[in-house]
Amino acid sequence: MPILNRAAELQNEVTEWRRHLHKNPELLFAVENTAAFVEMKLKEFGVDEIVTGLGRTGVVGLIKGNLGAGRTIGLRADMDALPITETSGKSWASETSGKMHACGHDGHTAMLLGAAKYLAETRNFAGSVAVIFQPAEEGGGGGNEMVKDGMMERFDIAEVYGMHNMPGMPVGHFGSRVGAIMASTDEFTITIKGRGGHAAQPHKTIDPIVIGTQIVTALQTIASRTVDPLASVVVSVTKFNAGFAHNVIPEEAVLGGTVRTLKPEVRDIGETRIRLIAEGIADVYGATVDVWYSRNYPVTVNHEDETGYALKAAAEIAGEGNIRPSLDPMMGGEDFSYMLLARPGAFIFMGNGDTAGLHHPGYDFNDEAIPHGISYWVKLAETRLAA
C-alpha cells in the first residue's frame, strides 16, 4: 500500500507547520512557544483532551476512536532544538542566533500533528490514541520527566512508539530492530590534582598532564582488553583542560568524555574500570584524583512484539523491500528509552534522504518525508487499535 491519500493532501500544510517550527527553535525544557503551537493545533483538530505541562512543558492530546472501547497507545515526538548556529541557507532557516533544529525534531512534531489531524477526522479505531509531544530530548531527559509525571498512568497507555528521521536512508524507507537499538549515554569527568612548579624542574612536581595522558591511553583498554570483543562499548575522552603558560607545570588537569554501551552489564564494567584506572594511575605518581560519573539515558531497548507491529505497519506503507528489520544498533542515545522502560513499545527510523547528518549545522529535515511519516503513524494506530 502506498502512502495514504489524505497524508499526501496534508503535505503542504504540514510543511508550513514544520518550517514555522524550524524558524523558531527552542532548547531543552524552554519550549513554551513550540508547546503552545502544538496545543493550538490540537484544539483546532478537535482532539478530546489536551494536557499541558507534563514533564514541565510536554503536551499530550487524547483522540478517541469511533469503533468502541479499547486500549490506548502512545505516539511520541520530540520538540526541542540544539545550541548550534545554522548554515543551511534555507529561506526558513533559524531566526534565533545559536539555536537550530539540527536533529529534525521540527519534522517529528509536524508529522505527529499531521497524524493527529488525520486521526481526529477519521477516528477509524477502537480505544484511544495519545499523541505525545516531549521536551528536552537533547540532554534534558524530558522523556523521563513525562514518565515520572505519571503520563502512562494518567492516559492508561498500554504501548508506546517513537520515530526518528535518518539521513542517508532513502525517503520512504523504514528500519528498526528487536532489542537494543540505541546506546546508554553516560558522562564522566576526571580531576587530577598534582603539584605544580617550574617546567624546567619537573622532578619537583607531580605533573597532572603526564598523568592525564596516561589515563586517556589506559581508558582505551576498556574496549580493547576488558569488554568482550563481541559486545559494544565506546569510551571517548572529548576534553582535556590543563595549564596556562609555556613554562609552568600546572597543579591540576581535568578531562572528560562519554561512555556508550548496549548492555547494562557492560555499562557497569565501564564505570568500574574508569574509576580503577584513574585512581590507580594517579596513585602511582602520588597524585589524587576525583572521578565524577553520571548515568544518563539508558539503553533504548525495543520490545519484540511491538517491534513486529511497527515494522508491519511501515511495510504496509512503504512495501517490504523498503523495510530494514535488522537495522544495526547505533551508539547515539535517545531518551525514548525511559518510555520503553515504562511500557512495551518500539522505536523506528524513517529515511530523510541524502541530507547533512544529524547535529550538523547544515542539516534540514526533508519535507518529502512528511506524508510517509504521517501514513506510518496512522497505519500503526489503526492496526494496533482495530475493532
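Residues numbered from 1 in each chain as written. Predicted model: local features only at pLDDT ≥ 70, side-chain atom pairs only at ≥ 80, totals over all residues. Heavy atoms only, no water.

1. Remarks on the side chain of His101
Structurally, His101 is set in the loop between β3 (72-78) and α3 (105-122). Only 3.5 Å separates the side chain of His101 from the backbone nitrogen of Asp106, close enough to count as a polar contact. Not counting residues within four places of it along the chain, the set of residues in contact with His101 comprises Leu21, His22, Pro25, Met79, Asp80, Ala81, Asp106 and Tyr363. (Helix = DSSP H or I, 4+ residues; strand = E, 2+ residues; numbered from the N terminus. Polar contact = N/O pair within 3.5 Å; in protein donor to acceptor, adjacent residues only side chain to side chain. Contact = heavy atoms within 4.5 Å.)

2. Some points on the packing of aromatic side chains
Going through the model one piece at a time under the given rule, you end up with six aromatic pairs. Centroid distance Trp17 to Phe45: 5.7 Å. Interplanar angle 35°. Geometry classified as tilted. Of the two residues, Trp17 sits in helix α1 (residues 5-23) while Phe45 sits in helix α2 (residues 32-45), which places them 28 residues apart along the sequence. Trp17 sits in the buried class, given a relative accessible area of 5%. Judged by relative accessible area, Phe45 falls into the buried class, the value being 13%. Centre to centre, the rings of Tyr376 and Trp377 are 5.3 Å apart; their planes meet at 45°, and the pair counts as tilted. As far as the burial class goes, Tyr376 and Trp377 line up, both buried. Feature note: the residues Phe174, Tyr376 and Trp377 constitute an aromatic cluster, connected by ring pairs. (Phe/Tyr/Trp six-rings, centres within 6.5 Å; stacked < 30°, edge-to-face > 60°. Buried < 20%, exposed > 50% of the residue type's maximum accessible area, 1.4 Å probe, protein only.)

3. Side note on the sheet that holds strand β6 (residues 174-175)
If you trace the eight strands from one edge of the open sheet to the other, you get β1-β2-β4-β3-β5-β16-β6-β15, paired in mixed fashion. At either end of the open sheet lies a strand with only one pairing partner, and these are β1 (49-54) and β15 (323-324). As paired elements, strand β2 (residues 58-64) and strand β4 (residues 128-134) share six bridges and run antiparallel to each other. By the bridge assignment, Ile63 is partnered in β4 with Val129. Those strands touched by helix α9 (residues 304-318) are β5 (157-166), β6, β15 and β16 (345-351), and its axis lies near 30° from that of β16. (Pairing = 2+ DSSP bridges. Axes fitted to C-alpha atoms, helices over the stretch in contact; angles between N-to-C directions.)

4. Regarding the packing of α1 against α3
The N-to-C vectors of α1 and α3 enclose an angle of 140°; their axes lie 9 Å apart at closest approach. With respect to α3, the element α1 is oriented oblique. The handedness of the crossing between α1 and α3 is right-handed. Contacts between α1 and α3 involve Arg6, Ala7, Leu10, Glu13, Val14, Trp17, Arg18, Leu21 and His22 from the former and Asp106, Gly107, Thr109, Ala110, Met111, Leu113, Gly114, Lys117, Tyr118 and Glu121 from the latter. Grouping the constituent residues of the contact of α1 with α3 by class yields nine nonpolar, four polar and six charged. (Parallel < 35°, antiparallel > 145°, perpendicular 65-115°, else oblique. Left-handed = near helix turned anticlockwise from the far one by under 90°. Nonpolar A, V, L, I, M, F, W, Y, C, P; charged D, E, K, R; others polar.)

5. Remarks on the pattern of salt bridges
Enumeration according to the criterion identifies 23 salt bridges in this entry. The residue Asp335 makes a salt bridge to Arg76 at a minimum N-O spacing of 2.9 Å. One end of the pair, Asp335, is in the loop between β15 and α10 (336-342); the other, Arg76, is in strand β3, with 259 residues separating them in the sequence. Arg76 carries the same exposure label as Asp335, and that label is buried. Where Glu153 meets Arg343, a salt bridge forms, and the shortest distance between an N and an O atom there is 3.9 Å. Pair noted here: Glu153 is in helix α5 (residues 151-154) and Arg343 is in the loop between α10 and β16, with a separation of 190 residues, a long-range link. Counted as one network, the salt bridges with shared partners bring together Arg18, Arg19, Lys90, Asp106, Asp364 and Asp367. (Salt bridge = Lys/Arg side-chain N within 4 Å of Asp/Glu carboxyl O.)

6. Observations regarding the UniProt feature "binding site: Mn(2+)" (unreviewed entry) in the protein chain
As recorded in UniProt, the feature "binding site: Mn(2+)" (unreviewed entry) lies at Cys103, His105, Glu138, His164 and His359. With the annotated positions falling across 257 residues, the maximum pairwise C-alpha distance of 13.2 Å places them together in a single cluster. One can find Cys103 in the loop between β3 and α3. Considering the arrangement of structural elements, one finds His359 in the loop between β16 and α11 (370-384). (UniProt positions renumbered as here; feature names shortened; annotations may be inferred.)

7. Some thoughts on the sheet that holds strand β12 (residues 252-261)
With antiparallel pairing, four strands are arranged side by side in an open sheet as β10-β12-β8-β13. Two strands lie at the open edges of the sheet, namely β10 (233-242) and β13 (288-294), each paired on one side alone. Ignoring which end each strand starts from, the neighbouring axes of this sheet average 15° apart. Direction of pairing for β10 relative to β12: antiparallel, over a ladder of nine bridges.

8. Here we look at the packing of helix α6 (residues 208-219) against helix α8 (residues 264-285)
Running from N to C, α6 and α8 cross one another at 145°; their axes reach a closest spacing of 10 Å. For the pair α6 and α8, the crossing hand works out as right-handed. Residues Ile211, Gln214, Ile215, Ala218 and Leu219 of α6 touch α8, and the partners they reach there are Ile274, Ile277, Ala278, Ile281, Ala282 and Tyr285. Class assignment for the residues of the contact of α6 with α8 results in ten nonpolar, one polar and no charged.

9. Examining the UniProt feature "domain: Peptidase M20 dimerisation" (unreviewed entry) in the protein chain
Those places that UniProt annotates as "domain: Peptidase M20 dimerisation" (unreviewed entry) correspond, in this numbering, to residues 187-278. Taken end to end, residues 187-278 is 36% helix and 34% strand, and its two terminal C-alpha atoms sit 15 Å from one another.

10. Details of the side chain of Ser176
Locating Ser176 in the fold gives a position in the loop between β6 and β7 (179-182). Note on Ser176: relative accessible area 1%, which makes it buried. A polar side-chain atom of Ser176 sits 2.7 Å from the main-chain carbonyl oxygen of Phe347. Among residues more than four places away in sequence, those in contact with Ser176 are Ile181, Asn302, Thr307, Leu311, Arg324, Pro325, Ser326, Leu327, Phe347 and Ile348.

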